[in-house]
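Observations on the model geometry
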Amino acid sequence: MAQYNDDQLKEIIVLGAGVVGLTTALKIQAHGAYRVTIVAETFPTDPKSSKYTSHWAGAQHVSDVYKDQRQRKLDQDTFDVLWQLSEPGGAAAGCFLRHTHIEYHEEALANAEWLHYMSDFKYLESNELRGPAKMGFSFSTVSMNTPVYLNWLLSSFLAKNGTIVRASLQHISQLLERGTSPYTGAQLHRDVDALVVCAGIGARTLGGVEDKDVHPVRGQTVLLRAPWVKFGRAMNEADGTRTYTVPRSNGDVLCGGTRETDDWYPVPRPETTEDILVRVLQLAPELVPPQTRVDREPTVEDLRPIIIEPGCGLRPGRKGGIRLEVEWLDVPTRGKVPVVYNYGHAGYGFLSSWGSANMALDLLENAFKTGAPADATPASGADCPSENPGN
């Protein structure tokens, strides 16, 4: 990697500190040619809330992209990094659990070739199926203990001289004109050479982005304490219902779930929690403590003593999929500045985080290489269309 003097480094701001923002900041920082600052309203160290979806994610690498070739690459590139990070004895090994995962499908798919790259992939025999499943397959994968992994990403970024600034923005132009100085009080500032927007669901309302294709896909879960469970399991029903268990390295098991489009309700619904418990017990009765299963048939009541908490997050869905592209904005006193967009991952944030970060870095590098186009959008938002184009 080339060595750069401090005055040669380009100033990059990454907006957002969810898993996509943190991963993208780390990837850009590792290049060596950039000084990176993360600006966000919420960080992994903050108390859990529905405003910060990454805390609530299942964060197990199970891709279901079918025919979307771009998403396939993002997912596979991410898996390669996660598998390496989860190597036993590695610096991040404690964030991960390597385990066997089984997918059951009520509808008989032709195949699952998009997952053939996964370690130990195999199709199930008919006598291995359960419930309404007509096909199934298993493979080795990784799950992440999300609070631990998110803080590992953040601490890794800070350890490499990254900077974080807590700020609540109304418009991206507030960063483009004089960097973070309005929020730090610094008398001197460095000109921002590029902005990378990883704003998640905030991209819907953030001034200068205001992407109305972004919408919530509400997900509800239940976290259980079940250290005897070391496998993942999921049932995909014909009506779209997905029930799953995700074991974590610390002995917790995340159970879900729901996919509720355009539902903004910010806290767990008790009736949904009950429904999840019923479904996961049917899918994985092994969640009940072993001695109880020896004594009698398990019931939902046997799960209640091991409930840690119900959870709820608003996944940042986007009509048209992830937005990965560059736009040049004309900044007063500065001229044209590239803005890289990397948001709209829905439930694929952890699943495609490193692949998306790779693509965001490529877009950034290419922008600096080719330079600004003859025309650029005013950073103030004047004369801009009200909605951004899709992919």
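Residues numbered from 1 in each chain as written. Predicted model: local features only at pLDDT ≥ 70, side-chain atom pairs only at ≥ 80, totals over all residues. Heavy atoms only, no water.

Examining the pattern of salt bridges
Side-chain pairing between opposite charges can occur once the charged atoms of the two side chains come close. Using the criterion set out here, one finds 22 salt bridges in the structure. One salt bridge connects Asp77 with Lys73, and the closest N-O pair in it is separated by 3.0 Å. Residue Asp77 and its partner Lys73 are both found in helix H2 (residues 69-85); the two are separated by four residues, about one turn of the helix. In this structure, the salt-bridge partner of Arg98 is Glu87, at a minimum N-O distance of 3.6 Å. Highlighted residues: Arg98 in strand S3 (residues 96-105) and Glu87 in the loop between H2 and S3, separated in sequence by eleven residues. Among the residues examined, Glu87 registers a relative accessible area of 38% and is labelled partly exposed. Taken together, the shared-partner salt bridges in this structure form one network comprising Arg218, Glu260, Asp263 and Arg269. (Salt bridge = Lys/Arg side-chain N within 4 Å of Asp/Glu carboxyl O. Helix = DSSP H or I, 4+ residues; strand = E, 2+ residues; numbered from the N terminus. Buried < 20%, exposed > 50% of the residue type's maximum accessible area, 1.4 Å probe, protein only.)

Some remarks on helix H3 (residues 146-159)
Between the first and last C-alpha of H3 there are 20 Å, a value that for 14 residues agrees with the 20 Å anticipated at 1.5 Å per step. Within the span of H3, buried status applies to Thr146, Tyr149, Leu150, Leu153, Leu154, Ser156 and Phe157. Down the axis of H3, the sector holding all buried residues measures 160°, keeping them to one side. Downstream of H3 by one or two residues, Asn161 has phi in the positive range, about 70°. (Expected span 1.5 Å × (residues − 1). Arc of directions from axis to C-beta.)

Description of the packing of aromatic side chains
Using the criterion set out here, one finds twelve aromatic pairs in the structure. Between Trp114 and Phe137 the ring centres are 6.4 Å apart and the planes differ by 85°, which places this aromatic pair in the edge-to-face class. Of the two residues, Trp114 sits in the loop between S3 and strand S4 (122-123) while Phe137 sits in strand S5 (residues 135-144), which places them 23 residues apart along the sequence. The exposure class of Trp114 is buried, given its relative accessible area of 6%. Here a set of aromatic residues connected by ring pairs shows up, and it is made of Trp114, Phe121, Tyr123, Phe137 and Phe139. Across the ring face of Phe368, the terminal group of Lys10 is positioned such that the distance to the ring centre comes to 4.8 Å. Residue placement shows Arg323 over the ring face of Tyr341; its charged tip is 3.7 Å from the ring centre. (Phe/Tyr/Trp six-rings, centres within 6.5 Å; stacked < 30°, edge-to-face > 60°. Lys NZ or Arg CZ within 6 Å of the ring centre and 35° of its normal.)

Remarks on empty space enclosed by the protein
Evaluated as defined, the whole model comprises one cavity of 30 Å³ or more. Its volume calculated, the largest cavity comes out at about 50 Å³. Around the largest cavity, the lining residues are Lys48, His55, Trp56, Thr221, Leu223, Arg248, Leu254, Glu309, Pro310 and Gly311. Of all the secondary structure elements, the ones that give two or more residues to the lining of the largest cavity are strand S8 (214-225) and strand S13 (307-318). Considering each element in turn, the lining of the largest cavity owes the most residues, three residues, to S13. Residues that form the lining of the largest cavity fall into these classes: four nonpolar, three polar and three charged. (1 Å grid on protein atoms, 1.4 Å probe; cavity = no way out; pocket = protein on both sides within 12 Å on 5 of 7 lines; lining within 4 Å. Points joined across faces, edges and corners; volume = space filled by probe spheres on them. Nonpolar A, V, L, I, M, F, W, Y, C, P; charged D, E, K, R; others polar.)

A closer look at the sheet that holds strand S16 (residues 377-378)
Reading across the sheet, the seven strands line up as S6-S2-S1-S7-S15-S14-S16 and stay open at both edges, with mixed pairing between neighbours. Either end of the sheet is taken by a strand with one partner, and the two such strands are strand S6 (163-166) and S16. Sheet topology note: the strand S1 (residues 10-15)/strand S2 (residues 34-40) ladder contains six bridges and is parallel. By the bridge assignment, Lys10 is partnered in S2 with Tyr34. (Pairing = 2+ DSSP bridges.)

Quick word on the pairing of S3
Taken across its ten residues, S3 has eight buried, putting it largely inside the fold. Inspection of the sheet shows S3 paired to S5 by ten bridges, in the antiparallel sense. Opposite Thr100, over in S5, you have Ser140 as the bridge partner. Taken together, the six bridges between S3 and strand S9 (residues 231-236) define a ladder with parallel strand orientation.

Side note on the side chain of Arg279
Along the chain, Arg279 turns up in helix H6 (residues 270-283). Arg279 has contacts with Thr241, Arg242, Thr243, Gly256, Gly257 and Thr258, leaving out every residue within four places of it along the chain. (Contact = heavy atoms within 4.5 Å.)

Observations concerning the state of the cysteines
Applying the stated rule across the entire model yields zero disulfides. With no disulfide of its own, Cys312 has Cys255 as its nearest cysteine by sulfur position, at a separation of 16 Å. (Disulfide = S-S within 2.5 Å.)

Some details on the environment of Met144
With respect to the helices, strands and loops of the structure, Met144 is situated in strand S5. Separated by 105 residues in sequence, Met144 and Ser249 have C-alpha atoms that sit 7.5 Å apart. In contact with Met144, other than residues within four places in its own chain, are Gly58, Ala59, Leu82, Cys95, Phe96, Tyr149, Arg248 and Phe350.

Some thoughts on the pairing of S1
Counting buried residues along S1, five of its six residues qualify, which places the element largely inside the surrounding structure. Of the crossover connections in this fold, the one passing from S1 over helix H1 (residues 19-31) to the parallel S2 is right-handed. (Right-handed = clockwise from strand over helix to strand, strands pointing away.)

Some details on the environment of His61
Looking at the secondary structure, you find His61 in the loop between S2 and H2. Along the primary structure His61 and Lys122 are separated by 61 residues, whereas in three dimensions their C-alpha atoms are 16 Å apart. Those residues in contact with His61 that sit more than four places away from it in its chain are Asp75, Thr78, Phe79, Leu82, Tyr117, Met118, Phe139, Thr141, Val142 and Leu351. Of the polar contacts made by the side chain of His61, one reaches the backbone oxygen of Leu351; its length is 3.3 Å. (Polar contact = N/O pair within 3.5 Å; in protein donor to acceptor, adjacent residues only side chain to side chain.)

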